[in-house]
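# Structure assessment
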Amino acid sequence: MRPKHPKSLVIEAKFAAMHSSYWLSLCAFSGFMAVYLSYYGFSDSMIGLTASLISAVTIFYQLGISTFCDNHPKVPLKHIILIVYLVILALVAILALVPMPVVMMLLVYSLTGGLANGMPGLYNAQFVQFINAGLPLNMGWPRGMSAILYALFAYFLGLLLESYTASILMPITLICIVVAIVMALILPKPEQVTENTPVQALATPPERTSLLKLLKGNQVLTVFLLSGFFMSAGQTNTFLFLTRIIEQKGGSEAALGLAMFLQAGVEMPAMLMTPRLLRRFRARAILTVSVTAYFIKSVIIYLSGGIGGIYFAMAFSVFCYGLYGVTSVYFVNDIVRQNEKVRAQSLIFISGALASIIGNTTAGVVVQSLGIGALNLICMALQAVAAMLMAYCAWLQHKKDKQIPSMKLPFLS
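What this report covers is the structure whose coordinates are included nearby. Model, not experiment: these values are computed from the prediction.

As a further point, take the overall build of the chain. Helix and strand content of the chain: 21 helices and zero strands. By residue count, 58% of the 413 residues in the chain fall in the buried class. Carbon and sulfur atoms make up 70% of the accessible area of the chain, which totals about 16,700 Å².

Once that is clear, we can look at the pattern of salt bridges. Enumeration over the complete set of coordinates arrives at two salt bridges. For Arg-244, the salt bridge goes to Glu-247, with nearest N and O atoms at 3.3 Å. With Arg-244 and Glu-247 both in helix H14 (residues 242-248) and three residues apart, the pair spans about one turn of that helix. One salt-bridge network, held together by shared partners, links Asp-44, Arg-244 and Glu-247.

Once that is clear, we can look at the packing of helix H15 (residues 253-265) against helix H16 (residues 267-280). Direction vectors running N to C along H15 and H16 enclose 10 degrees, while the axes themselves pass 5 Å from each other. Our classification of the angle between H15 and H16 gives roughly parallel. Contacts between H15 and H16 pair Gln-263, Ala-264 and Gly-265 from the former with Glu-267, Met-268 and Pro-269 from the latter. When grouped by side-chain class, the residues that make up the contact of H15 with H16 number three nonpolar, two polar and one charged.

According to the stated counting rule, one finds 15 aromatic pairs in the structure shown. Between Tyr-22 and Tyr-123 the ring centres are 5.9 Å apart and the planes differ by 65 degrees, which places this aromatic pair in the edge-to-face class. Of this pair, Tyr-22 sits in helix H1 (residues 8-31) while Tyr-123 is found in helix H6 (residues 119-132), placing the two residues 101 residues apart along the sequence. For Tyr-22, a relative accessible area of 2% puts it in the buried group. With centroids separated by 5.8 Å and ring planes inclined at 20 degrees, the aromatic side chains of Tyr-36 and Tyr-109 adopt a geometry described as stacked. With Tyr-36 in helix H2 (residues 33-39) and Tyr-109 in helix H5 (residues 102-117), the pair connects residues that are 73 residues apart, well separated along the chain. Judged by its relative accessible area of 0%, Tyr-36 falls in the buried class. Tyr-109 gets classed as buried once you look at its relative accessible area, which sits at 0%.

This next bit is on the packing of H6 against helix H19 (residues 321-335). Relative orientation of the contacting elements H6 and H19 amounts to 60 degrees, with a least axis distance of 11 Å. It follows that H6 is oblique to H19 by the angle criterion. Like other packed secondary-structure pairs, H6 and H19 cross with a definite hand, here right-handed. Here H6 contributes Asn-124, Phe-127, Val-128, Ile-131 and Asn-132 to the contact with H19, which in turn contributes Val-329, Tyr-330 and Asn-333. When its residues are assigned to classes, the contact of H6 with H19 shows five nonpolar, three polar and no charged.

Time to look at a nonpolar patch on the surface. A cluster of nonpolar side chains, Leu-49, Leu-53, Val-103, Met-104 and Leu-107, forms an exposed patch at the surface whose accessible area comes to about 430 Å². Per-element accounting of the nonpolar patch gives the leading share, three residues, to H5. Relative to the assigned elements, Met-104 resides in helix H5.

All right, on to helix H4 (residues 77-97) then. Turn by turn, an α-helix covers 3.6 residues, leaving residues three or four places apart pointing in a common direction. For H4, which comprises 21 residues, the first-to-last C-alpha distance of 30 Å matches the rise-based estimate of 30 Å (1.5 Å per residue) to within 8%. Residues of H4 that are buried: Leu-77, Lys-78, Ile-80, Ile-81, Leu-82, Val-84, Tyr-85, Ile-88, Leu-91, Val-92 and Leu-95.

Moving on, we come to helix H8 (residues 169-186). The end-to-end C-alpha distance of H8 is 26 Å, a good match for the 26 Å that 18 residues give at a rise of 1.5 Å each. In this fold, the buried residues of H8 make contact with H1, H2, H4, H5 and helix H7 (140-163).

As for its placement among the helices and strands, Ser-8 is situated in helix H1. Looking at Ser-8, the relative accessible area reads 0%, which means it is buried. Separated by 122 residues in sequence, Ser-8 and Phe-130 have C-alpha atoms that sit 9.4 Å apart. Ignoring anything within four residues of it in the chain, the contact list for Ser-8 reads Leu-135, Pro-136 and Leu-137.

Rules of the game
Residues take numbers from 1 onward in each chain, read along the sequence in its written order. Per-residue local features are limited, in this predicted model, to residues with pLDDT of at least 70; the limit for side-chain atom pairs, both in listing and counting, is 80 or more; totals at the level of whole chains, interfaces and linings are taken over all residues. Hydrogen atoms and water are omitted, and side-chain values are computed over all heavy atoms in the structure. For the purposes of this entry, the term helix denotes a DSSP run of H or I that reaches at least four residues, the term strand denotes a run of E that reaches at least two, and both are numbered from the N terminus. Exposed residues in this analysis have more than 50% of their type's maximum accessible area, buried residues have under 20%, and partly exposed residues fall in between, with area computed by a 1.4 Å probe over protein chains only. Using the Shrake-Rupley algorithm and a 1.4 Å probe, accessible areas are obtained, with residue cover drawn only from the displayed protein chains. Salt bridges are defined as contacts in which a side-chain nitrogen from Lys or Arg sits within 4 Å of a carboxyl oxygen from Asp or Glu. Structural elements are reduced to axes, namely lines fitted to C-alpha atoms, with helices fitted over the stretch in contact, and the angle between N-to-C directions of any two is expressed from 0 to 180 degrees. Each angle receives one of four descriptions, namely roughly parallel if under 35 degrees, roughly antiparallel if over 145, roughly perpendicular if within 65 to 115, and oblique otherwise. Any pair of residues with heavy atoms lying within 4.5 Å of one another is described as a contacting pair. Each residue gets one label: Ala, Val, Leu, Ile, Met, Phe, Trp, Tyr, Cys and Pro are nonpolar, Asp, Glu, Lys and Arg are charged, and the others, such as Gly, are polar. Aromatic contacts are taken between Phe, Tyr and Trp rings whose centres are within 6.5 Å, Trp giving its six-membered ring; a plane angle under 30 degrees counts as stacked, one over 60 as edge-to-face, and the others as tilted. By convention, the crossing between two helices is left-handed when the near helix turns anticlockwise from the far helix through less than a right angle, and right-handed when the turn is clockwise. Patch membership needs two things, relative accessible area over 30% and no salt bridge, and members are linked within 9 Å if like-charged or within 5 Å if nonpolar (Val, Leu, Ile, Met, Phe, Trp, Tyr). The span you would expect from a helix comes to 1.5 Å times its residue count less one.

This is the structure in structure tokens:
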């Protein structure tokens, strides 16, 4: 096993701070989206439309940024992240301080959310740059730390909303984003901590690959993204309308905060275990288990007769994003070429955003006309499709591995 680089722990800690501050800001901004927008007069259909517009912005923004990054590898991701954060900061300040009509708020909120949702793709690509430069990093505990802090913050905000109006969410978001910008500033560039190891993406200008060529030439990636599409669409009920699920079972804002705490908090143990699991099992096997767990979670929600069942479903998330979030980064990084890595990481989020454009708009109409129970049933069916596609993706990669020997992940070698 390769000896641990003396700066690895420092870099991991800085990534933990970056991820944590980002997810705290996202928790305040969109974790209680339905509550916040309802306070300002949005109907469920308008909330769904807003979420869809957020996803549309995410897609165009991610495609543009990731293509630019892959085609201009000498431009540091750190600089791009900081520029995007400054734009987000300005937009959140407008939401917090400037009274607006509903239509204008919809547009500003959607643009802000779209830019914010694309940040994890840039973070993951930045993390992978360090790994590809030869620095053995562990993504598990930094992401796990951000998950537990998100969970605690969600619970805290749920309690806060019992006593204060939803208008407090934007000022809180503003503070969190300022902290996130400071955390992004302290992270060095890969070449600053790997002086004796050339960063391939920065050292040699790679051959350009179009997005269409990337997808047509990589069936494993294409099926994986398709699975992610259905999986994201199947989470509409717990992401956007969890508040309606809680209301149906007789819960309050505090119960919503507790449900969010459970859903995010249980991710940390799985994220901490991911590096060890990847030493023993293939990434494709872990991902198949994770996507199947999403399906089981949706079944529990659909069959639940009370708030206790919803809490159990949220706790079952330990097998869901806790495994999926970290493993998918390594999985995708391992199945694409050097000049495709930033776009490949962004495509994970783009597939989810594309699903949200269709799912969120439809979900708002379904909830408003048929109720949350109908949406839960639809989401369960979508998760079943996602699980089958992930199993097919795993089979495709297994078949490919028989033809080309797989390389070990850098942080495991």
